[in-house]
Amino acid sequence: MMKKIKALVTKLSGHRGNEYYNILCYAVFVALSFQPAEPQMKVICSEVKKYIKKDAGSISKSISRAVNDIWENGSRETLFEIYGKELQEKPSPKDVVYVIAQYIWINEKEETAESV
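All of the points below concern the structure found in this document. Here the structure is a predicted model, which means the values were calculated and not measured. (Residues numbered from 1 in each chain as written. Predicted model: local features only at pLDDT ≥ 70, side-chain atom pairs only at ≥ 80, totals over all residues. Heavy atoms only, no water.)

1. Regarding the state of the cysteines
Disulfide: a covalent bond formed between the sulfur atoms of two cysteine residues. Overall, the coordinates contain 0 disulfides when judged by the stated rule. This cysteine, Cys25, is not joined by any disulfide, and Cys45 carries the nearest cysteine sulfur, 14 Å off. (Disulfide = S-S within 2.5 Å.)

2. As for the packing of aromatic side chains
Per the stated rule, a full pass over the model turns up 3 aromatic pairs. Centroid distance Tyr26 to Tyr51: 5.1 Å. Interplanar angle 15 degrees. Geometry classified as stacked. With a gap of 25 residues between them, Tyr26 in helix α2 (residues 19-33) and Tyr51 in the loop between α3 (41-48) and α4 (56-73) connect regions that are remote in the sequence. Overall, the relative accessible area of 43% leaves Tyr51 in the partly exposed class. Among the aromatic residues, those joined into a ring-pair cluster are Tyr26, Phe29 and Tyr51. Lying across the ring of Trp71, Arg76 places its NZ or CZ 3.6 Å from the centre. (Phe/Tyr/Trp six-rings, centres within 6.5 Å; stacked < 30°, edge-to-face > 60°. Helix = DSSP H or I, 4+ residues; strand = E, 2+ residues; numbered from the N terminus. Buried < 20%, exposed > 50% of the residue type's maximum accessible area, 1.4 Å probe, protein only. Lys NZ or Arg CZ within 6 Å of the ring centre and 35° of its normal.)

3. Concerning the pattern of salt bridges
Throughout the structure, instances matching the rule amount to 4 salt bridges. Taking the shortest distance from any N to any O, the salt bridge between Lys4 and Glu108 comes out at 2.3 Å. Linking Lys4 in helix α1 (residues 2-13) with Glu108 in helix α6 (residues 93-115), this pair joins segments that are 104 residues apart in sequence. With relative accessibility at 21%, the residue Glu108 sits in the partly exposed group. Among the salt bridges present, the one from Lys54 reaches Glu19, with a minimum N-O distance of 3.6 Å. (Salt bridge = Lys/Arg side-chain N within 4 Å of Asp/Glu carboxyl O.)

Following this line, the structure appears as structure tokens:
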């Protein structure tokens with residue numbers, strides 16, 4: 001699953017060399033495990049701490065940096081595809097994490113249904 005998350009985040013960002021993209025991937029991975037529920041970001045950040053050695057505040061800031069970079073330099077087309085609409089304003093970090101997780105979760109369910 002992490003492979004799909006990383007591929008999508010790379011498509012969104014155009015690159016993935018920065019540590020904050022890795023942290024965004026873990027946040028999406030954690031959020032995906034809760035689907036269809038959407039836990040508070042403090043729960044997601046707490047779970048991400050299990051994978052990386054950073055405090056929740058640093059994790060939250062890293063996710064914000066990734067979202068800012070995607071908004072300023074990334075693929076808006078991919079972002080609009082994931083959201084299913086054109087965005088007029090930069091989405092919140094929480095929203096980006098949830099929407100990417102939901103997008104992957106829905107596509108996984110559709111792929112599973114098609115293969116049956």
